[in-house]
Amino acid sequence: MSSTFKYTLTKNLKTYSKYIPELTKPTLRAIIQICVHYIETKDSEILDKAIVKLEHSKVSVPEHFCELFAAILQLIQLYLRLPKGIVKDDELRSTLNELKFNDECIEDIVKVLHNHKEPLSINYCQMRNLRTPPKRIQWRINISFLDAKISQFRHPTIILHIQKANDEFISFEISLAMFHRLRFNVASLLNEVQILERRQSMRKS
């Protein structure tokens with residue numbers, strides 16, 4: 001296995017490790033379907049549709065469903081970036097076991113990634129090529145009251161408004177905890193970019 005893959009996967013999923021025990025086989029299969037559909041269609045509303053579908057099919061939706069979706073999507077995307085054969089099945093099983101995935105979930109993940117890597121890789125590359133940076137991103141805090149009493153309200157959420165390059169607007173809602181994780185991940189990414197730039201400058205000098 002690529003040591004970079006194991007290191008990056010462990011690092012990226014560390015934030016979600018406490019939610020992984022909530023993952024059941026039916027929920028995992030639903031999340032994998034969502035991830036594949038997202039890779040193929042870029043449907044920004046797929047998560048809301050999936051939750052509604054799960055509720056209608058009587059499948060229990062985990063409390064941290066969005067976090068679990070983010071973890072599995074990152075796993076799939078990271079796997080698809082590497083050439084075929086770099087990540088061995090047994091080594092992938094071992095890494096997922098260290099991340100506290102149960103045995104049933106590990107086998108499902110390995111089977112999907114092994115059997116569908118080629119078509120998923122093509123769709124993933126096409127999706128990445130179609131991406132364009134947004135023109136503008138705005139956010140605001142949303143507070144919903146349970147009743148007329150101001151003292152009783154739901155946990156605040158963050159509404160993100162994104163203006164795409166073609167001037168189309170999309171909006172979605174995330175939890176306060178996920179917003180903080182988003183800020184942290186962006187800050188970490190910028191820090192890594194700065195480190196790489198410093199290394200390039202040192203090589204040139």
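Remember, predicted model here, so these are calculated numbers, not experimental data. (Residues numbered from 1 in each chain as written. Predicted model: local features only at pLDDT ≥ 70, side-chain atom pairs only at ≥ 80, totals over all residues. Heavy atoms only, no water.)

Enquirer: So what's going on with the packing of aromatic side chains? Residues and values would help.
Expert: On inspection of all chains with the given rule, the structure shows one aromatic pair. Plain terms: the ring middles of Phe 5 and Tyr 79 are 6.4 Å apart, the flat faces sit at 75 degrees to each other, and that makes the pair edge-to-face. With Phe 5 in helix α1 (residues 3-13) and Tyr 79 in helix α4 (residues 65-80), this pair connects stretches of sequence that are 74 residues apart. Across the pair, Tyr 79 and Phe 5 agree in class, each one buried. (Phe/Tyr/Trp six-rings, centres within 6.5 Å; stacked < 30°, edge-to-face > 60°. Helix = DSSP H or I, 4+ residues; strand = E, 2+ residues; numbered from the N terminus. Buried < 20%, exposed > 50% of the residue type's maximum accessible area, 1.4 Å probe, protein only.)

Enquirer: Could you give an account of a nonpolar patch on the surface, naming the residues involved and the relevant values?
Expert: Side chains of Leu 182, Val 186 and Leu 190 sit close together on the surface and give an oily, nonpolar patch of about 250 Å² of accessible area. Locating Val 186 in the fold gives a position in helix α8 (residues 176-204). (Patch = residues over 30% accessible without salt bridge, like charges linked within 9 Å, V, L, I, M, F, W, Y side chains within 5 Å. Areas by Shrake-Rupley, 256 points an atom, 1.4 Å probe, with all protein chains shown as cover. Salt bridge = Lys/Arg side-chain N within 4 Å of Asp/Glu carboxyl O.)

Enquirer: Give a description of the pattern of salt bridges that names residues and reports values.
Expert: In total, this model carries four salt bridges according to the counting rule given. Between Arg 29 and Asp 108 there is a salt bridge whose closest N-O contact spans 2.6 Å. Highlighted residues: Arg 29 in helix α2 (residues 25-41) and Asp 108 in helix α6 (residues 103-115), separated in sequence by 79 residues. For Asp 108, a relative accessible area of 8% corresponds to the buried category. By sharing partners, the salt bridges in this structure join Asp 90, Arg 93 and Glu 107 into a single network.

Enquirer: Now, about the nonpolar core: what can you tell me, with residues and values included?
Expert: When a protein is soluble and globular, its nonpolar side chains tend to lie buried together. In terms of nonpolar packing, the biggest core is built from 43 residues, with Ile 72, Phe 101 and Ile 109 touching the most fellow members. Breaking this core down by element, the ones donating at least two residues are α1, α2, α3 (46-56), α4, α5 (89-98) and α6. Residue contributions to this core peak at 12 residues, all from α4. Ignoring anything within four residues of it in the chain, the contact list for Ile 72 reads Leu 23, Leu 28, Ile 31, Ile 32, Cys 35, Phe 101 and Ile 109. (Core = buried A, V, L, I, M, F, W, Y, C linked by side-chain atoms within 4.5 Å. Contact = heavy atoms within 4.5 Å.)

Enquirer: Outline the sheet that holds strand β3 (residues 169-175), listing residues and values.
Expert: Strand order in this open sheet of three strands is β1-β2-β3, and the pairing throughout is antiparallel. Either end of the sheet is taken by a strand with one partner, and the two such strands are β1 (136-142) and β3. If you compare each strand with its neighbour and ignore which way they point, the axes differ by 20 degrees on average. Relative to β3, strand β2 (residues 157-163) runs antiparallel, the two being bridged by seven bridges. Residue Gln 163 lies in a different strand from β3, and its bridge partner there is Phe 169. (Pairing = 2+ DSSP bridges. Axes fitted to C-alpha atoms, helices over the stretch in contact; angles between N-to-C directions.)

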